[in-house]
Amino acid sequence: GMKICDGRPNLRERYGGKGSSLLYVHDLNLPSRDGFILPTSIPRSGLHHDDRAWLEREITQHLRILEADIARSGVRKRFGDSTEPLVLAVRGGSVFSMPGMLSTIVFVGMNDRIAEALAQHGPWCAYDSYRRFLASYGLAMWGVDLETFNVVDDAKRRYGVEYKTDLPGEAMREIAEESKTVFRDHGFSNELEEALADPMRQLVDSVVTVFESWNKERARRYREI
């Protein structure tokens, strides 16, 4: 419930374009997705490197507030809980538009157990979400682009269908498994197991990686241009 039109410091500088827009939307009482925004002061001061334990505590605290907010709307979801899982998208924002330059990681909080739990309500969506988590996480964390390995196209050929949406849930599960194999083949077996065993680690690593993407070569070049 932050009032934002009372001469405070520039919100866009503090929370980036996406974050400040969400605050304005909230201030106008328009419906928006639940979430929390980490201010740019964290990466500017290097806190995400210097005090990871502090960052983890901050994120955990805001996660609990987020879960409580969602619960007030009559839905119980908890991050890392395989019975009623909450999954998150981690996105970066800037003072000016930088389309596609900063890392984005979607469906953070997924692993085999959680995908199986979600599959009880719809296997296709559950394993498509898992695949999208693996693809975005692997690209952001390890620079491995799953798109170049044609995992989805191979499955479409195997099942004799033209569109991904025509694949059965079982095929989507196979795609998720094959995605993991690609990362193992690239030498990220231990990192993958650690990430899947610990959703909180996924979340903190994702936040750090999104912050870091500001200084990646392509983002720097984009700003120069």
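Residues numbered from 1 in each chain as written. Predicted model: local features only at pLDDT ≥ 70, side-chain atom pairs only at ≥ 80, totals over all residues. Heavy atoms only, no water.

## Points about the overall build of the protein
Here is step 1 of the chain: Helix and strand content of the protein: 11 helices and four strands.
Here is step 2 of the chain: Expected size for 225 residues packed as a compact globule is a radius of gyration near 17 Å; at 19 Å, the protein falls within 12% of this value.
Here is step 3 of the chain: For the protein, the spread of C-alpha atoms along the three principal axes comes to 60 × 45 × 35 Å.
Here is step 4 of the chain: A burial count over the protein gives 40% of its 225 residues as buried.
Here is step 5 of the chain: Within the protein, contacts between residues at least 6 apart in sequence are counted, and of these 59% link residues at least 24 apart. (Helix = DSSP H or I, 4+ residues; strand = E, 2+ residues; numbered from the N terminus. Rg over C-alpha atoms; globule rule 2.2 N^0.38 Å. Buried < 20%, exposed > 50% of the residue type's maximum accessible area, 1.4 Å probe, protein only. Contact = heavy atoms within 4.5 Å.)

## Details of the packing of aromatic side chains
Aromatic rings considered in pairs are described by the distance between their centres and by the relative angle of their planes.
Here is step 1 of the chain: Per the stated rule, a full pass over the model turns up four aromatic pairs.
Here is step 2 of the chain: Relative to Phe-188, the ring of Trp-142 has its centre 5.1 Å away and its plane inclined at 10°; by these criteria the two rings are stacked. With Trp-142 in helix 6 (residues 123-142) and Phe-188 in the loop between helix 8 (169-185) and helix 9 (189-197), this pair connects stretches of sequence that are 46 residues apart.
Here is step 3 of the chain: Given a relative accessible area of 15%, Trp-142 falls into the buried group. (Phe/Tyr/Trp six-rings, centres within 6.5 Å; stacked < 30°, edge-to-face > 60°.)

## Some thoughts on unusual backbone geometry
Here is step 1 of the chain: Of note, Phe-107 is a non-glycine position whose phi angle comes to about 55°, a positive value.
Here is step 2 of the chain: Its place among the elements puts Phe-107 in strand 4 (residues 104-108).
Here is step 3 of the chain: Positive phi, close to 50°, is recorded for Asn-150, a residue that is not glycine.
Here is step 4 of the chain: By secondary structure assignment, the location of Asn-150 is in the loop between helix 6 and helix 7 (151-159).
Here is step 5 of the chain: Exposure remark for Asn-150: the relative accessible area of 38% places this residue in the partly exposed category.

## Observations regarding helix 4 (residues 52-72)
Side chains that are three or four residues apart share a direction in an α-helix, a result of its 3.6 residues per turn.
Here is step 1 of the chain: Along its 21 residues, helix 4 runs 30 Å from first to last C-alpha, staying within 8% of the 30 Å computed at 1.5 Å per residue.
Here is step 2 of the chain: Among all positions in helix 4, only Leu-55, Ile-59, Leu-63, Leu-66, Glu-67 and Ile-70 are buried. Along the axis of helix 4, the buried residues cluster in a sector spanning 105°; they form a single face. Exposed side chains of helix 4 directed beyond 90 degrees from the buried face belong to Arg-57 and Arg-72. (Expected span 1.5 Å × (residues − 1). Arc of directions from axis to C-beta.)

## Concerning the packing of helix 6 against helix 8
Here is step 1 of the chain: Running from N to C, helix 6 and helix 8 cross one another at 15°; their axes reach a closest spacing of 7 Å. Here helix 6 is positioned roughly parallel relative to helix 8, judged by the angle of their axes. As helix 6 runs across helix 8, the sense of the crossing is left-handed. Residues Pro-123, Trp-124, Tyr-127, Asp-128, Tyr-130, Arg-131, Leu-134, Gly-138 and Trp-142 of helix 6 touch helix 8, and the partners they reach there are Gly-169, Met-172, Arg-173, Ile-175, Ala-176, Ser-179, Lys-180 and Phe-183.
Here is step 2 of the chain: Classifying every residue of the contact of helix 6 with helix 8 by side-chain character gives 10 nonpolar, three polar and four charged. (Axes fitted to C-alpha atoms, helices over the stretch in contact; angles between N-to-C directions. Parallel < 35°, antiparallel > 145°, perpendicular 65-115°, else oblique. Left-handed = near helix turned anticlockwise from the far one by under 90°. Nonpolar A, V, L, I, M, F, W, Y, C, P; charged D, E, K, R; others polar.)

## Quick notes on the nonpolar core
Here is step 1 of the chain: Formed by 49 residues in total, the largest nonpolar core has its most connected members in Tyr-130 and Leu-203.
Here is step 2 of the chain: No other element matches the nine residues that helix 6 contributes to this core.
Here is step 3 of the chain: Among all residues touching Leu-203, those that are not within four sequence positions of it are Ile-59, Leu-63, Phe-79, Leu-88, Val-90 and Val-108. (Core = buried A, V, L, I, M, F, W, Y, C linked by side-chain atoms within 4.5 Å.)

## Thoughts on the environment of Lys-164
Here is step 1 of the chain: When you line up the elements, Lys-164 lands in the loop between helix 7 and helix 8.
Here is step 2 of the chain: Distance from Lys-164 to Tyr-130, taken between C-alpha atoms, is 15 Å for residues 34 residues apart in sequence.
Here is step 3 of the chain: Apart from the residues lying within four places of it in its own chain, the contact partners of Lys-164 are Trp-124, Asp-128, Arg-131, Val-152, Lys-156 and Met-172.
Here is step 4 of the chain: A polar atom in the side chain of Lys-164 sits 3.4 Å from the side chain of Asp-128. (Polar contact = N/O pair within 3.5 Å; in protein donor to acceptor, adjacent residues only side chain to side chain.)

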